[in-house]
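Observations on the three-dimensional arrangement
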Amino acid sequence: MALLKERPLKSIPVTELAELADVNRATFYVHFQDVYDMFDQVKEEFCNICRELVDAHGEELARNENRPFLEDIFSYFETNEDAFAIVFGDNADGAFLGDVIDVVRDSSLEAVERRERDQGLTPNRDRALGMALCNYQFDFIAGGIVSMLKSWLASDRRESIDTMVALADSYLNVLGEGVLQRNLALAERPS
């Protein structure tokens, strides 16, 4: 993470990485094929953390109760400064940001689908249209949250977590359950 703050992944040699981590090269190669493999494993771990955060708040998110999730995600980034170096830093992998957005969107959609199944809703042939609209909505929401996190971190977290959560929640409420329910209604509507 420290090296990624300074330069892109392609410019980080295993020797320097192993030295900074205080392990020998042989130990590094026991766990990773190269720096790209190590970075892929770090990305996977980070995506799993994001997925767990969404899953922990899935029911709430499906009901448009966003604050607990937002508090957790902003708190996570505040206490894990290295995480935003790999996701948002100047030398970050651009595709990684898209991966994070995909994880948040997909996990949110899964929560909505679980809620629908629990409520006994059955999909019909227009389901694909409704879920496509939900996909766009969650892409927009996840992208907005990630963009807010990036701006907040770039400004050295001048605003409190409470302020950022309140802002994000107010924005999400504009696109909240009513819009989601209309999109889902399209999926439930007879052709």
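Residues numbered from 1 in each chain as written. Predicted model: local features only at pLDDT ≥ 70, side-chain atom pairs only at ≥ 80, totals over all residues. Heavy atoms only, no water.

1. Quick notes on the pattern of salt bridges
Which entries qualify depends on this criterion: Any carboxyl oxygen of Asp or Glu that lies within 4 Å of a side-chain nitrogen of Lys or Arg is treated as forming a salt bridge with it. Exposure is judged per residue with a 1.4 Å probe applied to protein chains only, and the accessible area is read against the type maximum: over 50% gives exposed, under 20% gives buried, and values in between give partly exposed. Each helix corresponds to a stretch of at least 4 residues labelled H or I by DSSP, and each strand to a stretch of at least 2 residues labelled E; elements are numbered beginning at the N terminus.
Across all of its chains, the model carries four salt bridges by this definition. Residue Glu 16 is joined to Arg 7 by a salt bridge in which the shortest nitrogen-to-oxygen separation is 2.3 Å. Assessed through its relative accessible area of 31%, Glu 16 is described here as partly exposed. Here Asp 169 ties to Arg 67 by a salt bridge, and the two come within 3.7 Å at their closest N and O atoms. Taken together, the residues span a long stretch of sequence, with Asp 169 in helix H10 (residues 161-174) and Arg 67 in helix H6 (residues 67-79) at a distance of 102 residues. When its relative accessible area of 10% is taken as the criterion, Asp 169 is described as buried. Salt bridges sharing partners connect three or more residues here, namely Glu 6, Arg 7 and Glu 16.

2. Regarding H10
Condition: What a helix should span is 1.5 Å times the count of its residues minus one. Summarising the geometry, the arc corresponds to the directions from the helix axis toward the C-beta atoms.
Between the first and last C-alpha of H10 there are 20 Å, a value that for 14 residues agrees with the 20 Å anticipated at 1.5 Å per step. Every buried residue belonging to H10 is among Ile 161, Met 164, Val 165, Ala 168, Asp 169 and Leu 172, and all of these are buried. Angular distribution of buried residues about the axis of H10 spans 130°; they occupy a single face of the element. The exposed residues of H10 that point more than 90 degrees off its buried face are Asp 162 and Val 174.

3. Structural notes on the nonpolar core
Heads up, the rule is: To qualify as a nonpolar core, a set must consist of buried Ala, Val, Leu, Ile, Met, Phe, Trp, Tyr and Cys residues joined through side-chain atoms within 4.5 Å. The contact definition used throughout considers only heavy atoms, calling two residues in contact when any of these lie within 4.5 Å.
Residues Phe 69, Leu 70 and Phe 74 are the most contacted members of the largest nonpolar core, which totals 44 residues. Mapped by element, the contributors of at least two residues to this core are helix H1 (2-6), helix H2 (14-21), helix H4 (35-56), helix H5 (58-62), H6, helix H8 (94-118), helix H9 (127-154) and H10. Ranked by residue count, the leading element in this core is H9, at nine residues. Dropping the residues within four chain positions of it, Phe 74 is found in contact with Met 148, Leu 149, Trp 152, Ile 161, Met 164, Val 165 and Ala 168.

4. As for the state of the cysteines
The test is simple: Throughout, a disulfide means two cysteine sulfur atoms within 2.5 Å of one another.
What the rule picks out here adds up to zero disulfides. Left without a disulfide partner, Cys 47 is nearest to the cysteine sulfur of Cys 50, which lies 6.2 Å away. Overall, Cys 47 belongs to the buried group, its relative accessible area being 7%. Classification of Cys 50 by relative accessible area gives buried; the value is 1%.

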